[in-house]
Amino acid sequence: MGLFRRLSLLPLRMLEGISTIYASFLAKVADERPNFWLERQSKRNDLVSTEVNHKNGSGEVRLTLFTPNWLCWSRSKTFSSKEPDTLKWIDELGGNGAFFDIGANVGLYSLYYAKTKSQNVYAFEPSTFNLSILARNIYSNGLESKIIIVPVPLSDTIKIENFILTSTEIGDAHSAF
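The following paragraphs examine the structure supplied in this document. (Residues numbered from 1 in each chain as written. Predicted model: local features only at pLDDT ≥ 70, side-chain atom pairs only at ≥ 80, totals over all residues. Heavy atoms only, no water.)

Some remarks on the overall build of the protein chain
And step 1. A tally of regular secondary structure across the protein chain gives 7 helices and 5 strands.
And step 2. Secondary structure elements in the protein chain, listed N-terminal to C-terminal, are α-α-β-β-α-α-α-β-α-β-α-β.
And step 3. For the protein chain, the proportion of its 177 residues judged to be buried stands at 33%.
And step 4. Of the contacts formed within the protein chain by residues at least 6 apart in sequence, a portion of 52% connects residues at least 24 apart.
And step 5. A total of about 11100 Å² of accessible surface is found on the protein chain, and carbon and sulfur atoms cover 57% of it. (Helix = DSSP H or I, 4+ residues; strand = E, 2+ residues; numbered from the N terminus. Buried < 20%, exposed > 50% of the residue type's maximum accessible area, 1.4 Å probe, protein only. Contact = heavy atoms within 4.5 Å. Areas by Shrake-Rupley, 256 points an atom, 1.4 Å probe, with all protein chains shown as cover.)

Considerations on the sheet that holds strand β3 (residues 99–102)
Sheets are built from strands paired through backbone hydrogen bonds, the pairs being either parallel or antiparallel.
And step 1. Read across the sheet, 3 strands follow the order β3-β4-β5 without closing on themselves; strand pairing throughout is parallel. Of all the strands in the sheet, the pair left with one neighbour each is β3 and β5 (147–150). Here the strands of the sheet are splayed against their neighbours by 20° on average, with no regard to which way each runs.
And step 2. Taken together, the 4 bridges between strand β4 (residues 121–124) and β5 define a ladder with parallel strand orientation. What sits directly across from Y122, in β5, is I148.
And step 3. Sheet strands touched by helix α6 (residues 108–116): β3, β4 and β5. Its angle to β3, the strand with the most contacts, is close to 170°.
And step 4. Seen against the sheet, helix α7 (residues 128–140) touches β4 and β5 and runs at an angle of roughly 175° to β5. (Pairing = 2+ DSSP bridges. Axes fitted to C-alpha atoms, helices over the stretch in contact; angles between N-to-C directions.)

A word on the pattern of salt bridges
Working definition: two side chains of opposite charge can pair if their charged atoms are close together.
And step 1. Taken as a whole, this structure holds 2 salt bridges when the rule is applied.
And step 2. Here E60 ties to R62 by a salt bridge, and the two come within 3.9 Å at their closest N and O atoms.
And step 3. The exposure class of R62 is partly exposed, given its relative accessible area of 48%.
And step 4. Across the pair E161 and K159 runs a salt bridge, and its minimum N-O distance is 3.5 Å.
And step 5. Judged by its relative accessible area of 57%, K159 falls in the exposed class. (Salt bridge = Lys/Arg side-chain N within 4 Å of Asp/Glu carboxyl O.)

Some words on the packing of helix α5 (residues 84–93) against α6
And step 1. Contact geometry of α5 with α6 gives a least axis separation of 10 Å together with a crossing angle of 25°. By the criterion of interaxial angle, the relationship of α5 to α6 is roughly parallel. The handedness of the crossing between α5 and α6 comes out as right-handed. On the side of α5, the interface is formed by T86, L87, I90 and D91, while α6 contributes Y109, Y112, Y113 and T116.
And step 2. Of the residues assigned to the contact of α5 with α6, the class counts are 5 nonpolar, 2 polar and 1 charged. (Parallel < 35°, antiparallel > 145°, perpendicular 65-115°, else oblique. Left-handed = near helix turned anticlockwise from the far one by under 90°. Nonpolar A, V, L, I, M, F, W, Y, C, P; charged D, E, K, R; others polar.)

Description of unusual backbone geometry
And step 1. A positive phi angle is found at N105, which is not glycine, with a value near 60°.
And step 2. On the secondary structure map, N105 appears in the loop between β3 and α6.

Put into structure tokens, the structure is as follows:
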């Protein structure tokens, strides 16, 4: 029975292998990963990561980002272009004290600050859906001793309030009170 089952599943395993090779080819040619490939890897609990290189005045900064879905992958691809003023601010003014990353999301700017400056980072991220990715990104870059995750929202008042998530998708943003 075991041999029959393995033989009957062989065509499916071959098709899975071919689709993985095809997705890898598309990723190299089109510079993007098809969603089905990312979701397949995520379901298998594989570490799907993307290398990000950003050039600043001191040279090149390399980050490894966990990208289990299209949104995290897209964030990794637009790291240098989405918020250039934030990166410029960190490069020019950062380093004189701790960095508070309010709404850290998956930690892009926390990681960048921790890699380029000697001070600690406090990453405030209240979305439970983003916390595991934030933690993986910190660990993947060897920054556990420099970045402290604070899993609560930051506000100018102390009170209990409803927190409204815009989505349960990993890497999503724009949640609010």
